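Listed here are the chains, written in short residue letters.
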Amino acid sequence: MIVMTYNHEAFVAEAVRGALEQQCDPIDILISDDASLDQTFEITRLIVADYRGPHRVRLNRNVHNLGIAAHLNRCMELTDSEIVVVAAGDDISLPQRVSRVLETFSATNALLVHSRVREIGRHGEDVEGPFPHDGALFLRSTSAVAAANSMALYIGATGAWRREVFDRYGILRFPDLYEDLVVGFRAALEERVAFVDEALVKYRVGSGVSSIPQQAMTMNDWRVTRLKTLKRDRAVLEQRTLDARTRDAAAVGSVLDVLAAAIMITDLRIQSYDQPKTTFLLKNTGRLHLALKALISERKRARRAMRTHQWKV
């Protein structure tokens, strides 16, 4: 099991105890901190120092902040477990999580196992939906073609995978991406995704890496955040393209077509923020239909944000 932490001092004690209290045969637990600027590592170290249970626990603290993808690559180097159950430093793994995940791996040939969650707030209180992750693709389809351009495959906080998914496809090669968007796609390519239809994680809503503070967001903040998201999406699509190309070309031809189209439209969306409207359209006269589609879509998104935040033009 891997618990990845970064600036989680308000939540890390519960996350670490959730890992230590797994009710299963002894497992290896790696708790890795990505150079937190707060007391996350110190809190973790004190809890582990007092631990007297059956599991084998190791700590790692990165000297410099690596970011999500490189941090996970480092964790995969530090563990030799054949099955890796991943937890975030702000979520809580329920006591039966590892045992249920291992049962599912034993009963299937899955590369990836994911589950439902129980949503909680910042203070641990139950939170009512609906939530954006309710529409995650893998809750209705694990098609590789559908997964190719989806940016919501499964709830990353519930993911567990066989080491094979890294041995076969390699490390995450782009820094600005989330591991669930890559690991999930790899498993879909292999048609090896399994789902545990019960909540195995208390998932903290509004505190993770994909949560954006809304209260004081300005229009410029929104624009910067949107561009960052688009560039992350492009990195995900590039990584998926590399992964798909490791497979037989005849088997993934339609997947590669979807990825190429998604990269093109994502590039146009990014350009629409970097250039005046007229310049953007003139530079893309050869693909004017797609350029207009990207421009109109992003303008609609910006107007929705303006209404939400009541910004003045």
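Source: prediction; values computed, not measured.

A. Highlighting the overall build of the protein chain. Helix and strand counts for the protein chain come out as eleven helices and eight strands. Taking 20 Å as the expected radius of gyration for a compact globule of 313 residues, we find that the protein chain reaches 21 Å, a close match to that expectation. Taken over the C-alpha atoms alone, the protein chain extends approximately 65 × 50 × 40 Å along its principal axes. Looking at the protein chain as a whole, 49% of its 313 residues qualify as buried. Partitioning the intrachain contacts of the protein chain with sequence separation of at least 6 by distance along the chain shows that 78% fall at a separation of at least 24. By element, 52% of the accessible surface of the protein chain is carried by carbon and sulfur atoms, the whole surface being about 15600 Å².

B. Molecular detail of the pairing of strand 8 (residues 193-204). With two bridges joining them, strand 5 (residues 92-93) and strand 8 adopt antiparallel strand pairing. Residue pairing for strand 8: I92 is matched across the bridge by K202. Relative to strand 8, strand 6 (residues 112-120) runs parallel, the two being bridged by nine bridges. When the sheet's bridge partners are listed, V113 is paired in strand 8 with A194.

C. Structural view of the layout of surface pockets. Considering only enclosed or pocket space, the second largest pocket measures out at about 200 Å³ in volume. For the lining of the second largest pocket, the secondary structure elements donating two or more residues are helix 8 (219-244), helix 9 (249-274) and helix 11 (288-309). When the residues that make up the lining of the second largest pocket are grouped by side-chain class, the tally is four nonpolar, two polar and three charged.

D. Structural detail: the nonpolar core. If you look at the biggest cluster of nonpolar residues, it comprises 39 residues, and the most contacted ones within it are F138, L153, W161, F166, F185, L189 and V255. Looking at this core, the elements with two or more residues in it are strand 1 (2-5), helix 3 (68-78), strand 4 (83-88), helix 5 (144-148), helix 6 (164-169), helix 7 (179-189), helix 8 and helix 9. The element that contributes the greatest number of residues to this core is helix 7, accounting for seven residues. Every residue in contact with F185, bar those within four places of it in the chain, is listed here: A144, A147, A148, L153, R240, D243, A244, V255 and L259.

E. Region of the structure containing helix 7. Extensive coverage of helix 7 is indicated by the burial of eleven of its eleven residues. Within the span of helix 7, buried status applies to E179, D180, L181, V182, V183, G184, F185, R186, A187, A188 and L189. A positive phi of about 55° marks E191, the residue just after helix 7.

F. Broad picture of the side chain of N73. For N73, the location among the structural elements is in helix 3. A distance of 2.9 Å separates a polar side-chain atom of N73 from the backbone oxygen of L172. Discounting chain neighbours no more than four positions away, the residues touching N73 are F166, I171 and L172.

G. Geometry of the pairing of strand 4. Across three bridges, the pairing between strand 1 and strand 4 is parallel. Bridge pairing in strand 4 links I2 to V86. With three bridges joining them, strand 4 and strand 7 (residues 160-162) adopt antiparallel strand pairing. In the strand pairing of strand 7, V85 is matched with A160.

H. A look at the packing of helix 8 against helix 11. As a packed pair, helix 8 and helix 11 sit with axes 11 Å apart at the nearest point and diverge in direction by 140°. Considering the angle they form, helix 8 stands oblique to helix 11. Taken as a pair, helix 8 and helix 11 cross one another with a handedness that is right-handed. Taking contact as the criterion, the partners of M219, W222, R226 and L230 in helix 8 are, on helix 11, E298, R301, A302, A305 and M306. Of the residues belonging to the contact of helix 8 with helix 11, the class tally is six nonpolar, no polar and three charged.

I. Structural view of a positive patch on the surface. Judged by side-chain charge, K277, R299, K300, R301, R303, R304 and R307 come together as a positively charged surface patch. When residues in the positive patch are grouped by element, the largest group, six residues, is from helix 11. Positionally, R307 belongs in helix 11.

J. Quick peek at unusual backbone geometry. Between G129 and the following residue, P130, the backbone shows a cis peptide bond with an omega angle of 5°. In this fold, P130 is placed in the loop between strand 6 and helix 5. Residues other than glycine seldom take positive phi values, yet N7 does so here, at roughly 50°. Looking at the secondary structure, you find N7 in the loop between strand 1 and helix 1 (12-20).

K. Spotlight on the sheet that holds strand 2 (residues 28-33). If you walk across this open sheet you meet the eight strands as 3-2-1-4-7-6-8-5, and the pairing is mixed. The sheet is open, and its two edges are formed by strand 3 (56-61) and strand 5, each paired on a single side. The strands that helix 7 touches are strand 6, strand 7 and strand 8; relative to strand 6, the one it contacts most, it runs at about 140°.

Each value, and the rule that gives it
- Residues numbered from 1 in each chain as written.
- Predicted model: local features only at pLDDT ≥ 70, side-chain atom pairs only at ≥ 80, totals over all residues.
- Heavy atoms only, no water.
- Helix = DSSP H or I, 4+ residues; strand = E, 2+ residues; numbered from the N terminus.
- Rg over C-alpha atoms; globule rule 2.2 N^0.38 Å.
- Buried < 20%, exposed > 50% of the residue type's maximum accessible area, 1.4 Å probe, protein only.
- Contact = heavy atoms within 4.5 Å.
- Areas by Shrake-Rupley, 256 points an atom, 1.4 Å probe, with all protein chains shown as cover.
- Pairing = 2+ DSSP bridges.
- 1 Å grid on protein atoms, 1.4 Å probe; cavity = no way out; pocket = protein on both sides within 12 Å on 5 of 7 lines; lining within 4 Å.
- Points joined across faces, edges and corners; volume = space filled by probe spheres on them.
- Nonpolar A, V, L, I, M, F, W, Y, C, P; charged D, E, K, R; others polar.
- Core = buried A, V, L, I, M, F, W, Y, C linked by side-chain atoms within 4.5 Å.
- Polar contact = N/O pair within 3.5 Å; in protein donor to acceptor, adjacent residues only side chain to side chain.
- Axes fitted to C-alpha atoms, helices over the stretch in contact; angles between N-to-C directions.
- Parallel < 35°, antiparallel > 145°, perpendicular 65-115°, else oblique.
- Left-handed = near helix turned anticlockwise from the far one by under 90°.
- Patch = residues over 30% accessible without salt bridge, like charges linked within 9 Å, V, L, I, M, F, W, Y side chains within 5 Å.
- Salt bridge = Lys/Arg side-chain N within 4 Å of Asp/Glu carboxyl O.
- Lys, Arg positive; Asp, Glu negative; His and termini not counted.
- Charge placed at Lys NZ, Arg CZ, Asp CG, Glu CD.

Keep in mind these values describe shape, not function.
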